[in-house]
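What the coordinates show
One letter stands for each residue in the lines below.
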Amino acid sequence: LLGGNEDQPSTTICGKKIFLIYDMPHLIKSVRNNLLNGDFEINNSRIVSINDIRKAYEIDANNTARAMIKITPTHLNPNPFQKINCKLAIQLLSNSVSAAIKTCIATSEIKSSTAINTSST
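Residues numbered from 1 in each chain as written. Predicted model: local features only at pLDDT ≥ 70, side-chain atom pairs only at ≥ 80, totals over all residues. Heavy atoms only, no water.

1. Re the overall build of the protein chain
Along its length, the protein chain carries five helices and four strands. When its helices and strands are written in sequence order, the protein chain yields β-β-α-β-β-α-α-α-α. Its C-alpha atoms give the protein chain a radius of gyration of 18 Å, clearly above 14 Å, the size a compact globule of 121 residues would have. For the protein chain, the C-alpha atoms occupy an extent of roughly 60 × 35 × 25 Å along the three principal directions. Per-residue burial over the protein chain gives 28% buried out of 121 residues. Across the protein chain, contacts joining residues at least 24 apart in sequence account for 44% of those joining residues at least 6 apart. Working note: accessible area of the protein chain is about 8,500 Å², and carbon and sulfur atoms make up 55% of it. Here the protein chain contributes 13 positively and 9 negatively charged side chains, and the mean placements of these two sets differ by 7 Å. (Helix = DSSP H or I, 4+ residues; strand = E, 2+ residues; numbered from the N terminus. Rg over C-alpha atoms; globule rule 2.2 N^0.38 Å. Buried < 20%, exposed > 50% of the residue type's maximum accessible area, 1.4 Å probe, protein only. Contact = heavy atoms within 4.5 Å. Areas by Shrake-Rupley, 256 points an atom, 1.4 Å probe, with all protein chains shown as cover. Lys, Arg positive; Asp, Glu negative; His and termini not counted. Charge placed at Lys NZ, Arg CZ, Asp CG, Glu CD.)

See the structure below:
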């Protein structure tokens, strides 16, 4: 909207040069909040679901050696004030949560396409 792109990541407003950057923590928070409202479909083939994260959390919470040690029920069911907390969103969409889901898939405890191998995408 402001005329920025990869080649020209800035714009001039009132004679002042302003650089346009993404606000990554808030983008992650928005992804989490949208995920709480429903599933995502990627490339018409892969479904990303909060339910897979919930199932993996339930399995992990019952284990002695936990992988998702920072995740609490608050991460999965935030109240309106907790929904604006970027830290909770970043923790929920972290590599350790993805690894826990992948472990549950490898042990056939859940079937999911939510956790993807980021090295091959």
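What follows continues from the structure just given.
2. Considering helix H2 (residues 50-61)
Between its first and last C-alpha atoms H2 spans 16 Å; for 12 residues at 1.5 Å apiece the expected length is 16 Å, and the two agree. Those residues of H2 lying buried are Ile50, Asp52, Ile53, Ala56, Tyr57, Ile59 and Asp60. Residue Ser49 occupies the N-cap position of H2, its side-chain oxygen lying 3.0 Å from the main-chain nitrogen of Asn51. (Expected span 1.5 Å × (residues − 1). Polar contact = N/O pair within 3.5 Å; in protein donor to acceptor, adjacent residues only side chain to side chain.)

3. Looking at the environment of Asp39
Tracing the backbone through its elements, the reader meets Asp39 in the loop between helix H1 (24-37) and strand E3 (40-42). Taking relative accessible area as the criterion, Asp39 reaches 48% and is therefore assigned partly exposed. C-alpha of Asp39 to C-alpha of Pro73: the two residues are 34 residues apart in sequence and 19 Å apart in space. In this structure, Asp39 is in contact with Ile47, Val48, Ser49 and Ile50, ignoring residues within four places of it in sequence.

4. Quick word on the side chain of Arg32
Tracing the backbone shows Arg32 in helix H1. Notably, Arg32 is buried but unbridged: the nearest opposite-charge side chain belongs to Asp23, and the N-O separation is 13 Å. With near-sequence residues (within four places) excluded, Arg32 lies in contact with Gln82, Lys83, Asn85, Leu88, Ala89, Leu92 and Leu93. (Salt bridge = Lys/Arg side-chain N within 4 Å of Asp/Glu carboxyl O.)

5. Describing the environment of Thr107
By the element assignment, Thr107 lies in the segment after helix H5 (95-106). Judged by its relative accessible area of 45%, Thr107 falls in the partly exposed class. A sequence separation of 70 residues divides Thr107 from Asn37, and the C-alpha atoms of the two residues are 28 Å apart. Only 3.2 Å separates the side chain of Thr107 from the backbone oxygen of Cys104, close enough to count as a polar contact. Separated by 2.6 Å, the side chains of Thr107 and Glu109 make a polar contact.

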